[in-house]
Amino acid sequence: MRLSHLLTSRLFVPQAIASAHCDLPCGVYDPAQARIEAESVKAICEKYQDNEDPEFRARALIIKEQRSELVKHHLWVLWTDYFKPPHFEKYPHLHQLVNEATKLAGASGAKGSADPNVAEELLGKIDEIAKIFWETKN
């Protein structure tokens, strides 16, 4: 029994150790996903402002809130899964930047507002995050 246990345990010893800065091969993370949803939020805000129909406006708000939630999701994935301690060391304002962007996508920002200017501010924060993201990819 001891010999079989020893042989079995050797089967599960890693033969090579790999390391990566993210949990999947590069190419699966991209701030463009957050940007696409934020652009949708801005477009919805503009359409909302241009339309007085209460049914249209109610539907627009529901869709805008869903898209805002997706923006937050994509930002959080970058923050928690892609960016690692070396990134935060090199870009010490990154935590604050992601926090600000997430809040702009949330209830106190684009999710809770139909103001296209708030959505534009969110797009600006996403662009700042994207700049850092692409610098870390090089």
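Quick caveat: nothing in here was measured; it's all calculated off a predicted structure.

Structural notes on the nonpolar core
If you look at the biggest cluster of nonpolar residues, it comprises 27 residues, and the most contacted ones within it are V71, F83, L122 and I129. Of all the elements in the fold, those that place two or more residues in this core are helix 2 (32-50), helix 3 (54-82), helix 5 (94-105) and helix 6 (116-137). A per-element tally of this core places helix 6 first, with eight residues. Excluding residues within four positions of it along the chain, I129 makes contact with L75, L78, F83, L97, V98 and A101.

Here we look at the packing of aromatic side chains
According to the stated counting rule, one finds five aromatic pairs in the structure shown. Measuring from ring centre to ring centre gives 4.7 Å for Y82 and F133, while their planes differ by 50 degrees; the resulting arrangement is tilted. Separated by 51 residues along the polypeptide, Y82 in helix 3 and F133 in helix 6 bring together distant segments of the chain. As far as burial versus exposure is concerned, Y82 and F133 are alike and both buried. Measuring from ring centre to ring centre gives 4.9 Å for F133 and W134, while their planes differ by 85 degrees; the resulting arrangement is edge-to-face. Judged by its relative accessible area of 0%, F133 is buried. Members of the aromatic cluster, each reached through a chain of ring pairs, are Y29, Y82, F83, F88, F133 and W134. The ring of Y48 has R57 sitting right over it, with the charged end atom 3.9 Å from the ring centre.

Regarding helix 2
Over its 19 residues, helix 2 extends 27 Å from the first C-alpha to the last, a length consistent with the 27 Å expected when each residue adds 1.5 Å. Along helix 2, the residues classified as buried are A34, E37, A38, V41, I44, C45 and Y48. Angularly, the buried residues of helix 2 cover 115 degrees about the axis, an arc narrow enough to put them on a single face. Facing away from the buried side of helix 2 by over 90 degrees, the exposed positions are I36, K47 and D50. Where helix 2 is buried, its residues contact helix 3 and helix 6.

So, the packing of helix 2 against helix 6
One can describe the packing of helix 2 onto helix 6 by two numbers: an axis separation of 8 Å at closest approach and a directional angle of 165 degrees. By the angle between their axes, helix 2 is roughly antiparallel relative to helix 6. In the packing of helix 2 onto helix 6, the handedness of the crossing is left-handed. On helix 6, the residues touching A34, R35, A38, E39, V41, K42, C45, E46 and Q49 of helix 2 are P116, A119, E120, L122, L123, I126 and D127. Residues belonging to the contact of helix 2 with helix 6 are distributed by class as follows: nine nonpolar, one polar and six charged.

Conventions and cut-offs
Residues numbered from 1 in each chain as written. Predicted model: local features only at pLDDT ≥ 70, side-chain atom pairs only at ≥ 80, totals over all residues. Heavy atoms only, no water. Core = buried A, V, L, I, M, F, W, Y, C linked by side-chain atoms within 4.5 Å. Buried < 20%, exposed > 50% of the residue type's maximum accessible area, 1.4 Å probe, protein only. Helix = DSSP H or I, 4+ residues; strand = E, 2+ residues; numbered from the N terminus. Contact = heavy atoms within 4.5 Å. Phe/Tyr/Trp six-rings, centres within 6.5 Å; stacked < 30°, edge-to-face > 60°. Lys NZ or Arg CZ within 6 Å of the ring centre and 35° of its normal. Expected span 1.5 Å × (residues − 1). Arc of directions from axis to C-beta. Axes fitted to C-alpha atoms, helices over the stretch in contact; angles between N-to-C directions. Parallel < 35°, antiparallel > 145°, perpendicular 65-115°, else oblique. Left-handed = near helix turned anticlockwise from the far one by under 90°. Nonpolar A, V, L, I, M, F, W, Y, C, P; charged D, E, K, R; others polar.

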